[in-house]
Amino acid sequence: KSAYYYQGPGNFRDVLQNRRNDVIFQPRVASFDVKLFLSFIQADGYNPLTVEAIVFLVNNSTIADELATRFVGNATGVRAQRDALFHVLDSGPIRPGQLFALMEDQHIGINVSNEEFINGIAAASRYEPLGLFEAGFWADHWTYYLDLIDAYRSIYPDGEEYLMFDVKLPYFYSPASVRPRCEKYVLSFTYDYKGKHVRQLDATNEEDELKQKYQLEYLNSTTGLMTIDANWQHDSNSKKYLTSTIGKLFLLCTVKFSTRDAYGMGIEYEAGRPGWNDAMNGLPGMVGSGMPEAYELKLLLVYVLSVIERFERSIAIPVELGELMDKINSALDELEESGYEDEDLSSLPLDIPQELFSYWDKVSTAREEYRSSVAFEFSNATRTIESSNLIQILTRWIKEVDTGLLRAIKIGYHGHDDDGTLGITPTYFSYNITNWTLTGETNKDGYELVNATAMSVGTFPLFLEGPMRMMKTSATSDEARNIYRNVLKSRLRDDKLKMYSISASLEGQSFDMGRMMAFSPGWLENQSIWTHMSYKYYLELLRNGLYIEFFNEMRGGGMLPFMDPDVYGRSPMECSSFIASSAFPDPSRHGQGFLARLSGSTAEFLSMWILMMIGPSPFFLDEKTGNLRMHLKPALPLWLFQPEAENNDDDLTIGFLLFGAINVTYHNPKQLDLFGVAPERYVVMFSNKTKIIIEDSAMSTDIATDIRRVKQVESIHAYF
């Protein structure tokens, strides 16, 4: 139901992705989004599906009374309205829309504008995030946290240390839990009922009665509703458990590292839901894993390592997490002592070597024991890890992840008329449990439960998400260009449309893998052009400095508004969920967009726009002085520039609005492509008509600070 200042709710992935650039468009957002979304990290490494609108709580009755008097007045004639507003503000959590609706119902008039009123209420309150478990734990949701952090760092590099080490965040408490393997590895019939195999079913206990009973401790006896405290994990002293931001990121590193599959390649889809491509909804049942999350794990490990190395500070973690970390490292020690090495990367066996299986089994058991120990609360004990120790641990884990990433490319992908020899990373694996022992128990449907004792890995055709995520880990433009050229030669490329499909042909694949098998080729998630994923891929071209390739793809018809509207079949200003590819049986539909959607693709395009117009890191710390500075490093081809005036064809310009308030004009008198280069000179105009000329590629601390505050800065002219 819509209301004043309406916020949602919305699905976690959608809201997080759509808000990742908030701080770049409005610097006053600061670290709000980072703290909001990282608060939703649970002790088990997952998060709720639904993000609810935040609520505000006025700190105490005295402040509520002061606010009511301030905004209604203290005259005798408005006493009833003042008292009514006091009781509304003093009664617990409330959302802005609810507040205005109650005021309308009770005929409470205020003496200021709605905006001034709600700003005053918010300033005198604390806010609380809210979320709901809803349905399952998705494997990819955690992979978008770094986008928020990177956006924050691009505007507030001087705030990174405080955000990482000094901000304390809670853990979301979910009434659901991930089942251990012995409760979800099920002996069931094959799809054709000709035999039996082991599947991972009911992986999440969505109605964990013990966890729900624990939440009843936070029941409000007056209202009969759960209090806000029921949403957060507590310690053994019934205090909300708080950890530093870097501590929560290290928890993610540890839990996700422990969730690598038996071959050490992808991240297991162990909680019943897949990653970004939710049409692969059968893959968790196939004991599947994903390489997209493995590449993101490397990025997270590298970032956390860089933070520890740069700031050389220790972190405090729950003792339970410390025990999991120790067990992981002990299992790694045993793996190294076994002497196992991939003997011949050109012909790795599909059967999991016993040494790797043993490591996986021990670490999976350790993860299950950890989750059991923190299912209800953390203990009140913490463990401090010094930076030198953290550096050793994280460096070792990164090396292990790199080994798995290389192994995945060698295992490869296989599809219809495709032997997987292009060297492109696969996106998914399945695991066939080839040997098992019965536990003696059955699941709720009467199927026997098993413990796995041996596995083999299964492969799938190409999907675009794998190379897209791999490109995010590229160390150089040449590495990224090699990925791009391989994808260009692959069956992901739709040569007729000059676009990229979400997958190669799925012909011959098992219906077990997911709902996309129900669609015709070229339609929906079966080999169509999925606009959001295509835009993600194009964004990585730009991030990696493949400027020529990016703009060629854009103008070649891969991106709106350069698609032919007669073929696209709708306004070139409107994104579609998918475009029917040339694999679709009806040629008249090829290139036509279906299902208007304004979220995912738009978020990716906004990220492209930022890189094109502003650059990746407008604010930075000077390497010598450590002072804040600012520069603009656009990525703009010459064809986007226009003459500034009819009588001056030499000075080509392009302009945009920075932070929604500051007019920026780029001057390109040399008529060159401006790809990742800073200006030679800036002219900054202030609202008091003061003009400052900077003969440098970057602006000084005081000017950078004024621009970031959007303080009295009217315009910036940058000359290249």
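Residues numbered from 1 in each chain as written. Predicted model: local features only at pLDDT ≥ 70, side-chain atom pairs only at ≥ 80, totals over all residues. Heavy atoms only, no water.

Asks: Sorry if this is basic, but what is going on with the overall build of the protein chain here?
Replies: The secondary structure content of the protein chain amounts to 22 helices and 32 strands. Against the 2.2 N^0.38 benchmark of 27 Å for 720 residues, the protein chain shows a C-alpha radius of gyration of 27 Å, consistent with a compact globule. In terms of overall dimensions, the protein chain has C-alpha extents of about 80 × 70 × 55 Å along its principal axes. Looking at the protein chain as a whole, 56% of its 720 residues qualify as buried. Taking the 66 positively charged and 96 negatively charged side chains of the protein chain as two groups, their mean positions are separated by 2 Å. (Helix = DSSP H or I, 4+ residues; strand = E, 2+ residues; numbered from the N terminus. Rg over C-alpha atoms; globule rule 2.2 N^0.38 Å. Buried < 20%, exposed > 50% of the residue type's maximum accessible area, 1.4 Å probe, protein only. Lys, Arg positive; Asp, Glu negative; His and termini not counted. Charge placed at Lys NZ, Arg CZ, Asp CG, Glu CD.)

Asks: I keep staring at the nonpolar core and nothing clicks. Help me out?
Replies: Soluble, globular proteins show a tendency: their nonpolar side chains are buried together. Membership of the largest hydrophobic core comes to 180 residues, with the highest contact counts inside it found for Met455 and Ile707. Examining the composition of this core, we find that 11 residues originate from one element, helix 12 (residues 291-311), more than from any other. Counting 20 residues, the second-largest nonpolar core is a separate cluster that includes Ala64, Ala68, Leu89 and Ile121. (Core = buried A, V, L, I, M, F, W, Y, C linked by side-chain atoms within 4.5 Å.)

Asks: Sorry if this is basic, but what is going on with the sheet that holds strand 1 (residues 10-11) here?
Replies: Paired through backbone hydrogen bonds, the strands of a sheet run either parallel or antiparallel to each other. The sheet built from three strands is open, its strands ordered 1-2-3 with antiparallel pairing. In this open sheet, the two strands that pair with only one neighbour each are strand 1 and strand 3 (125-132). Here strand 2 (residues 50-58) pairs with strand 3 via seven bridges, running antiparallel. Bridging from a neighbouring strand, leucine 57 pairs with arginine 126 of strand 3. (Pairing = 2+ DSSP bridges.)

Asks: Could you clarify how one ought to interpret the pattern of salt bridges in this entry?
Replies: Should their charged atoms come close, side chains of opposite charge can pair. Under the defined criterion, the tally for this structure stands at 46 salt bridges. The partner of arginine 13 in a salt bridge is aspartate 140, with the nearest N and O atoms 2.8 Å apart. You can see arginine 13 sitting in helix 1 (residues 12-18) and its partner aspartate 140 sitting in the loop between strand 3 and helix 8 (145-155), a full 127 residues away along the chain. Each member of the pair, arginine 13 together with aspartate 140, is buried. A salt bridge links lysine 240 to glutamate 128, with the shortest nitrogen-to-oxygen separation between them at 3.5 Å. (Salt bridge = Lys/Arg side-chain N within 4 Å of Asp/Glu carboxyl O.)

Asks: Is there a simple way to explain the sheet that holds strand 20 (residues 529-530) in this structure?
Replies: On the basis of which strands lie adjacent, the open sheet formed by three strands has the order 20-21-22 and antiparallel pairing. Strands at the two margins of the open sheet, each flanked by one partner only, are strand 20 and strand 22 (593-596). Across three bridges, the pairing between strand 21 (residues 576-579) and strand 22 is antiparallel. Each residue of the ladder has a partner; that of serine 576, found in strand 22, is alanine 596.

Asks: Any chance you could explain helix 22 (residues 701-708) here in plain terms?
Replies: A turn of α-helix holds 3.6 residues, and therefore any two residues three or four places apart point the same way. The buried fraction of helix 22 is high, at six of eight residues. Those residues of helix 22 lying buried are Ile703, Ala704, Thr705, Asp706, Ile707 and Arg708. Just past helix 22, the residue valine 710 takes up positive phi, approximately 50°.

Asks: Quick question: what am I supposed to make of unusual backbone geometry here?
Replies: With an omega dihedral of 5°, the bond running from leucine 560 to proline 561 counts as a cis peptide bond. Positive phi, close to 50°, is recorded for alanine 30, a residue that is not glycine. Examined against the element boundaries, alanine 30 turns out to sit in the loop between helix 2 (22-25) and helix 3 (32-38). Positive phi is not limited to glycine here, since histidine 107 has a value of about 55°.

Asks: For this particular structure, what's the right way to read a nonpolar patch on the surface?
Replies: Taken together, Phe189, Tyr193 and Tyr447 make up a surface patch of nonpolar side chains, about 320 Å² in accessible area. Positionally, tyrosine 447 belongs in the loop between strand 16 (428-442) and strand 17 (448-459). (Patch = residues over 30% accessible without salt bridge, like charges linked within 9 Å, V, L, I, M, F, W, Y side chains within 5 Å. Areas by Shrake-Rupley, 256 points an atom, 1.4 Å probe, with all protein chains shown as cover.)

Asks: Looking at this structure, how should I read the packing of aromatic side chains?
Replies: Two descriptors summarise a pair of aromatic rings, namely the distance from one centre to the other and the angle between the planes of the rings. Tallied over the full model, the rule gives 44 aromatic pairs. Seen in terms of ring centroids, tryptophan 523 and phenylalanine 578 are 4.8 Å apart; in terms of plane orientation they differ by 75°. Their pairing is edge-to-face. You can see tryptophan 523 sitting in the loop between strand 19 (499-500) and strand 20 and its partner phenylalanine 578 sitting in strand 21, a full 55 residues away along the chain. By relative accessible area, tryptophan 523 is classed as partly exposed at 25%. Relative to phenylalanine 720, the ring of tyrosine 666 has its centre 5.4 Å away and its plane inclined at 80°; by these criteria the two rings are edge-to-face. Of the two residues, tyrosine 666 is situated in strand 28 (residues 662-668) and phenylalanine 720 in the segment after strand 32 (713-719); the sequence distance between them amounts to 54 residues. (Phe/Tyr/Trp six-rings, centres within 6.5 Å; stacked < 30°, edge-to-face > 60°.)

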